[in-house]
Amino acid sequence: MKEHGMNELPLMNENEGIVLFYPNIPPNAVDEVSKVLHSRWIGQGPKVAQFEKEFEEKFCVTNTALAVGSGTDGLHLGYILAGIEPGDEVIVPVFTCTATNIPLLYMGAKIVFADVDPETLNINVNHVRQLVNERTKAIVCVHYAGLPCDMDELMAIAREYNIPLIDDAAHALGATYKGQKIGEMTDFSMFSFQAIKHITTGDGGMLTIKNKDLVEKAKRIRWFGIDRSAKQMGHWENDIYEVGYKYQMNDISAALGIAALAEFDNTLKYRQLLFAEYTKQLAGIDGLHIIGTGVTDREHAAWLCTVIVENRTDFMRKLRDNKIESSQVHYRNDRYTVFGGRRSDLPNMDSVEEKYLVLPLHHKMTLQDVAYIGKVAKSGW
Ligand SMILES: *Cc1c(COP(=O)(O)O)cnc(C)c1O
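The structure presented is a predicted model; accordingly, all values stated were derived computationally and were not measured.

1. Some points on the pattern of salt bridges
- The final tally for this structure, using the stated rule, is 19 salt bridges.
- Between Asp297 and Arg298 there is a salt bridge, with the nearest N and O atoms lying 2.7 Å from each other.
- Given a relative accessible area of 33%, Asp297 falls into the partly exposed group.
- Between Arg343 and Glu353 there is a salt bridge, and its shortest N-O distance comes to 2.8 Å. With Arg343 in the loop between helix 11 (312-321) and helix 12 (347-352) and Glu353 in the loop between helix 12 and strand 13 (356-359), this residue pair connects regions lying 10 residues apart in the sequence.
- A relative accessible area of 31% means that Arg343 is categorised as partly exposed.
- Glu353 sits in the buried class, given a relative accessible area of 6%.
- One continuous salt-bridge network, built from bridges that share partners, spans Arg332, Asp334, Arg343, Asp350 and Glu353.

Structure (structure tokens):
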């Protein structure tokens, strides 16, 4: 199937060249997981509690962190806690992982796609302003590539309409906005620990919750609707009052997460170093620039290095011929049949749709690899 906007080129062999992503497994992960496997708890137990506590201390002291089975689980849980009901309008980014918006389909919400900012590919706050109305029940944003959205403006709109702002921070672990941590700014933030994120637990996620009054409900909905601690203490009344899911994390995953947290500062620094090297190596090349580098009031978590490039297919071919993998990674969501299958009138998204491309960025790469990619790009395509 050849389709408008899709990657026309086959991916390269995983074992050769510079691949796009590589899972980040800390050296002590095997030992830590092994300890869990030899213990009495492998499901949700003490390791999950420890991971939540350490995550909170590092990323969101003002909020409560709840570990879940995936980022998608975390978003769905956040949307439920935000009170989104069938038919409610929710303004969402058109350009993101489908995981951002799929849970809204579970709930029968009415998805309203907002355009991108052409320089960051984050949600365009002017368009959000045009779309918001008294039927809007929530706003969702994603910090694309790791660069925080325009939070002051988004939070002002949410305040004005008295609706929650939920951020999909799957790309943005460790990012800050004007000195504030992503993870403690909004009502609900979601982080993902899927295979290729900054921290991986195989699959997993974290929802951070600002309103402490929602935490007990969140824990129940995470586990079938059952008050797990009451059950364990033996005073659970043996009834379920609300529909819950099976969205908890297990201790095997949490052990991976704890190991990765311990070295997160270095993980982030190294990714940022590679990103900075990209900005140096790709500077001044005609027909190509990295997005988001002009924004200096917020700290980039450097999950992706995305460029806007003319003649993208030719550029991808040139990279592939030089054993460098590249991909679009995410596609505008409105084109998917489940979301309506019709491109909305989004001029900025239209203008970049055929031009954006993600370059390799992961801990197995060296500065020399980035310099090599720069050299290949400089030689033209
Ligand atoms: C990875 C990711 C998610 C969550 O994915 P899971 O696989 O469910 O953890 C959500 N949104 C974005 C933008 C992502 O990149």
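2. Some remarks on the sheet that holds strand 10 (residues 288-290)
- In space, the three strands of this open sheet follow the order 10-12-13, with antiparallel pairing throughout. Of all the strands in the sheet, the pair left with one neighbour each is strand 10 and strand 13. Averaged over all pairs of adjacent strands, the angle between their axes in this sheet comes to 30°, without regard to strand direction.
- With three bridges joining them, strand 10 and strand 12 (residues 305-309) adopt antiparallel strand pairing. Looking at strand 12, one finds that His289 is bridged to Ile308.
- Against the sheet, helix 10 (residues 264-281) touches strand 10, strand 12 and strand 13, its axis set at about 150° to strand 10.
- Relative to strand 13, helix 11 is tilted by about 15°, and along the sheet it contacts strand 10, strand 12 and strand 13.

3. A closer look at unusual backbone geometry
- Although it is not a glycine, Asn162 sits at a positive phi angle of roughly 55°.
- For Asn162, the position within the fold is in the loop between helix 6 (151-161) and strand 5 (165-168).
- We classify Asn162 as exposed; its relative accessible area is 71%.
- Look at Asn311: it is not a glycine, yet its phi comes out positive at around 50°.
- Here Asn311 is to be found in the loop between strand 12 and helix 11.

What counts, and at which threshold
Residues numbered from 1 in each chain as written. Predicted model: local features only at pLDDT ≥ 70, side-chain atom pairs only at ≥ 80, totals over all residues. Heavy atoms only, no water. Salt bridge = Lys/Arg side-chain N within 4 Å of Asp/Glu carboxyl O. Buried < 20%, exposed > 50% of the residue type's maximum accessible area, 1.4 Å probe, protein only. Helix = DSSP H or I, 4+ residues; strand = E, 2+ residues; numbered from the N terminus. Pairing = 2+ DSSP bridges. Axes fitted to C-alpha atoms, helices over the stretch in contact; angles between N-to-C directions. Contact = heavy atoms within 4.5 Å.

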